[in-house]
Amino acid sequence: MHPTREIYDELQTAYDYFNVELFGGELPPCLITLQREKRTYGYFCRERFVNRGGATSDEIAMNPSYFGVRSIKHTLSTLVHEMVHQWQYRHGKPGRRGYHNREWADRMESLGLIPSHTGQEGGKRVGERMSHYIAPGGSFDVACDALLTRDFVLSWLDRFPPTIPTGEATGRALANPTGGESGGTVEAAPTSAGSDVSPYVQAPPLEPVNRSNRVKYRCPMCGAQVWGKRGLGLICGGEGCEQARFDVVG
């Protein structure tokens, strides 16, 4: 058993496959990393790495925290999303400071990944924080299905994902050392699309756990709010509140 070799070989296989099938082999080799960036499915950063001979490499980072709670197809759609950012950097004109511009949106649509700021039909197709959804029968959908029929898997999953994802990936900008910015994919708007929880992972609670032992109190008259430990008997001294007792609201 070689976990490091297995997961990186699988991601490299997917990258090489989509590079040929969707990009005509135009993309140069890049360094794929696993990063637990908070609330992020993945990101692209141009020329992030350099070898000891001076050659540089782009980076595509994937967040393994979500491998066990998203379908393989939706996880691979994040990889291709980042490959579109790499293609635009190498062959197009990226938007200023990570803005998802029309060129990026056109390229995404040509691959069957439909840009939308909501992750659903009818959303804006360009902007600072963007989402996408998979078009049934589109180029990505067909190519991914063909890859998955070859028994392709992502073998290793994070047992303790931070959240259950609620939608398609959204894009944001991440700074790189040259002062520019590049696109990334982060958690998005509520929808059940893409969720596929493995039985081997421990799902987090649906509601956030309050670990501070503090609760929120609100005056029913003036709406003033305070935080404090449980069991306090608070009275509002505001004008016109007539010493109303605070209610626990959260």
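Structure shown above.
Quantities reported herein were computed from a predicted structural model and do not represent experimental measurements.

Asks: What am I meant to see in the pattern of salt bridges here?
Replies: Side chains that differ in charge, positive against negative, can pair when their charged atoms come close. Considering all chains together, one arrives at 7 salt bridges under this definition. Arg 125 serves as the salt-bridge partner of Asp 106, at 2.7 Å between the closest nitrogen and oxygen. Within this pair, whereas Asp 106 is found in helix α3 (residues 102-110), its partner Arg 125 is found in the loop between β4 (113-116) and β5 (130-134), the two being separated by 19 residues in sequence. Its relative accessible area of 28% is what places Arg 125 among the partly exposed residues. For Glu 109, the salt bridge goes to Arg 125, with nearest N and O atoms at 3.1 Å. Placement of Glu 109 in helix α3 and of Arg 125 in the loop between β4 and β5 is noted, with a sequence separation of 16 residues between them. If you follow the salt bridges from partner to partner, you end up with Lys 73, Asp 141 and Asp 145 in one network.

Asks: What is the right way to look at the pairing of strand β3 (residues 56-62) in this model?
Replies: Where a strand is regular, its side chains alternate between the two sheet faces. Within β3, 6 of the 7 residues are buried, leaving the element largely enclosed by the surrounding structure. One ladder, built from 4 bridges, connects strand β1 (residues 31-34) with β3; its direction is parallel. Paired with Leu 31 across the strands is Glu 59, a residue of β3. Here strand β2 (residues 40-50) runs beside β3; their pairing, made up of 6 bridges, is antiparallel. Directly across from Phe 44, in β3, lies its bridge partner Ile 60. With antiparallel pairing between neighbouring strands as the criterion, β2 and β3 make up a hairpin whose turn holds 5 residues, including Gly 54 at a positive phi of roughly 100°.

Asks: Quick question: what am I supposed to make of the sheet that holds strand β8 (residues 214-218) here?
Replies: The strands making up a sheet are joined through hydrogen bonds of the backbone, oriented either antiparallel or parallel. Across the sheet, 3 strands lie side by side as β9-β8-β10; this open sheet has antiparallel pairing. Strands at the two margins of the open sheet, each flanked by one partner only, are β9 (225-229) and β10 (247-248). Strand direction decides the pairing type here: β8 and β10, joined by 2 bridges, are antiparallel. Its bridge partner being in β10, Tyr 217 is matched across the sheet by Val 248.

Asks: What is the right way to look at the side chain of His 132 in this model?
Replies: Mapped onto the elements, His 132 comes out in strand β5. For His 132, the side chain forms a polar contact with the side chain of Ser 77, separated by 3.1 Å. Only 3.0 Å separates the side chain of His 132 from the side chain of His 81, close enough to count as a polar contact.

Conventions used here
Residues numbered from 1 in each chain as written. Predicted model: local features only at pLDDT ≥ 70, side-chain atom pairs only at ≥ 80, totals over all residues. Heavy atoms only, no water. Salt bridge = Lys/Arg side-chain N within 4 Å of Asp/Glu carboxyl O. Helix = DSSP H or I, 4+ residues; strand = E, 2+ residues; numbered from the N terminus. Buried < 20%, exposed > 50% of the residue type's maximum accessible area, 1.4 Å probe, protein only. Pairing = 2+ DSSP bridges. Polar contact = N/O pair within 3.5 Å; in protein donor to acceptor, adjacent residues only side chain to side chain.

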